[in-house]
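# Topology and contacts: notes
The primary structure of each chain is shown beneath.
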Amino acid sequence: MNSIYVLSESDTMELLEMEEVIEAVENVYREKTLGSGKLFPMVFHEFESQVADMDIKSGTLDDMGVYGLKLVSWFGENRKKNLPMLSGVVMLFDRETGIPLALINAEHMTGMRTGAAGAIGARYIARRDSQVMLMVGAGHQATYQIRAMQTVFPALKKVMVFDPVNMDNASVFVDNFGYKKENTQYIAVENIEAAAGEADIIVTATPSRKPMIMKEWVKPGTHFSCMGSDMEGKQEIDPEILASARLVADDINQSVNVGEFEKGIKEGIISKEDIICEIGDVISGRKKGRMSEEEITVFDSTGLGLQDIAVGYMAVKKAGLMDDIKKMNF
Ligand SMILES: NC(=O)c1ccc[n+]([C@@H]2O[C@H](COP(=O)([O-])OP(=O)(O)OC[C@H]3O[C@@H](n4cnc5c(N)ncnc54)[C@H](O)[C@@H]3O)[C@@H](O)[C@H]2O)c1
């Protein structure tokens, strides 16, 4: 009889460290470029438009000996029932035998790997001397984005938080942000135009379907990590920004179909060929990231199932060292 690990959200909270997650996600991008990490076609189903949907992102990490998937459900009506709107699980399988290894709660893990992705984009293509971050969106992902960014940029002096829907959300977020560093100032901002003009790094993590940041507001040398657009129709920044920026994606195919670059391409403002490369090409040294201090750079992170597989596998390996984690016969 085989046995599988079952990791709850609190298990993943105990097991995952941000530095290690950043390393694992960076490795995934590299493996994808080198060919041992492969994505399988994405499955998306809308039960009811803008009310309830689910997607499955899957793939294999051959060198790591594991393949798997993440299924995420989004049920908007859950808010009224006091239930989470977003929920999901990761399933891992042994690449040699196909036998299931683990079933893992995906909520905290998704935040960690998505935070890591945004920070990796900035590590490779933002200016190294970046000191001011603007976080657009003050929801679940924002905590992880700031946590990861200040891990990669320990000299950040200022973090501004903007909520496009309600200014109070940003203030509450800043008050409650639990990872404040001594030498960093954290402020909620109301004027996004001024904040965008001040920022060296702008991270967007909202479900917006129209641009929130315009080209005229942004200074030369700014870097964007666009995290929110992960489904057809979503868009966070002015496509005119894309027209004159250096564009890097996590996966070009996903980016063109469901990412931040989707609308700019559909509107004819940029073309697929304007996407210089994938972030794995920069990490592995195959392509150059930023070309000058003045250049505006954009990393479009649509989210890869491979990130969940690698981070989940890391959690499982660490769980093997713990006594009180559940293992079930299967
Ligand atoms: N790229 C990835 O790998 C990845 C991973 C996880 C989540 N996401 C995406 O990131 C986005 C944010 O996720 P979250 O979990 O933080 O959501 P959340 O609901 O916790 O927070 C969303 C934030 O955006 C604001 N907002 C809500 N509706 C908006 C609108 N129409 N326009 C502008 N702002 C709006 C909210 O006030 C809040 O500040 C979503 O689009 C989600 O699908 C991407």
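About the criteria used
- Residues numbered from 1 in each chain as written.
- Predicted model: local features only at pLDDT ≥ 70, side-chain atom pairs only at ≥ 80, totals over all residues.
- Heavy atoms only, no water.
- Pairing = 2+ DSSP bridges.
- Helix = DSSP H or I, 4+ residues; strand = E, 2+ residues; numbered from the N terminus.
- Axes fitted to C-alpha atoms, helices over the stretch in contact; angles between N-to-C directions.
- Contact = heavy atoms within 4.5 Å.
- Domains from an automatic or database assignment.
- Buried area = accessible area lost by both parts, 1.4 Å probe.
- Salt bridge = Lys/Arg side-chain N within 4 Å of Asp/Glu carboxyl O.
- Polar contact = N/O pair within 3.5 Å; in protein donor to acceptor, adjacent residues only side chain to side chain.
- Near = heavy atom within 4 Å.
- Areas by Shrake-Rupley, 256 points an atom, 1.4 Å probe, with all protein chains shown as cover.
- 1 Å grid on protein atoms, 1.4 Å probe; cavity = no way out; pocket = protein on both sides within 12 Å on 5 of 7 lines; lining within 4 Å.
- Sits in = over half its atoms within 2 Å of the grid points.
- Points joined across faces, edges and corners; volume = space filled by probe spheres on them.
- Nonpolar A, V, L, I, M, F, W, Y, C, P; charged D, E, K, R; others polar.
- Core = buried A, V, L, I, M, F, W, Y, C linked by side-chain atoms within 4.5 Å.
- Buried < 20%, exposed > 50% of the residue type's maximum accessible area, 1.4 Å probe, protein only.

The 8 strands are arranged E10-E9-E8-E11-E13-E17-E15-E16 in an open sheet whose pairing can be described as parallel. Two strands lie at the open edges of the sheet, namely strand E10 (185–188) and strand E16 (275–278), each paired on one side alone. Here the strands of the sheet are splayed against their neighbours by 20° on average, with no regard to which way each runs. As paired elements, strand E8 (residues 132–136) and strand E11 (residues 201–204) share 4 bridges and run parallel to each other. Directly across from Met133, in E11, lies its bridge partner Ile201. Strands E11, strand E13 (223–226), strand E15 (246–249) and strand E17 (297–300) of the sheet are contacted by helix H3 (residues 107–125), whose axis makes an angle of about 155° with E13.

All right, on to the domain arrangement of the chain then. The accessible area lost on association of the parts is a frequent measure of interface size. With domains assigned, the chain is organised as domain 1 (5–109 + 306–329) and domain 2 (127–303). Opposite the 18 residues of domain 1 that make contact, domain 2 presents 22 residues. Both sides of the domain 1 and domain 2 interface together cover about 1700 Å² of buried area, and 60% of this is carbon and sulfur. Looking only at domain 1, the three residues that lose the most surface to domain 2 are Met18, Tyr29 and Thr33, adding up to 32% of its buried area. The residue Asp251 makes a salt bridge to Lys32 at a minimum N-O spacing of 2.8 Å. Taken together, domain 1 and domain 2 are joined by 6 residue pairs in polar contact (both at pLDDT 80 or more).

Residues in close proximity to the ligand total 24 residues, the closest being Arg113, Ala138, His140, Asp163 and Asp230. The contact in question runs from an oxygen atom of the ligand to an N or O atom on the side chain of Arg113, over 2.8 Å. Within the backbone of His140, an N or O atom sits 2.8 Å from an oxygen atom of the ligand. Out of a free accessible area of 860 Å², the ligand has 76% covered by protein chains. Taken atom by atom, the bulk of the ligand overlaps the largest pocket. Those elements that place two or more of their residues in the shell around the ligand are H3 and helix H4 (140–152). Per-element tally for the shell around the ligand: the top contributor is H3, with 3 residues.

Mapped onto the elements of the fold, Ser36 is located in the loop between helix H2 (18–34) and strand E2 (37–39). At 2.3 Å, the side chain of Ser36 forms a polar contact with the side chain of Glu31. Residues in contact with Ser36, not counting those within four places in the same chain, are Glu31, Thr60, Leu61, Asp62 and Asp63.

Moving on, we come to empty space enclosed by the protein. Considering all chains together, one arrives at 1 cavity of 30 Å³ or more under this definition. In this structure, the largest cavity spans a volume of roughly 40 Å³. If you go around the largest cavity, the residues you meet are Leu39, Phe40, Met42, Lys57, Ser58, Gln254 and Gly305. Along the lines of polarity and charge, the residues of the lining of the largest cavity split into 3 nonpolar, 3 polar and 1 charged.

A few words on the nonpolar core. Grouped together as the largest cluster of nonpolar side chains are 65 residues, with contacts concentrated most on Tyr29, Leu92, Ile146, Met149 and Val161. Of the residues forming this core, the biggest block, 9 residues, is contributed by helix H11 (residues 305–319). Taken together, domain 1 (5–109 + 306–329) and domain 2 (127–303) each give at least three residues to this core, which thus spans both. When neighbours within four sequence positions are excluded, Tyr29 is seen to be in contact with Ala117, Ile120, Asp250, Ile279, Gly280, Ile283, Phe299, Leu304 and Gln307. Residues Ala196, Ile213, Ile241 and Ile296 belong to the second largest nonpolar core, which totals 30 residues.

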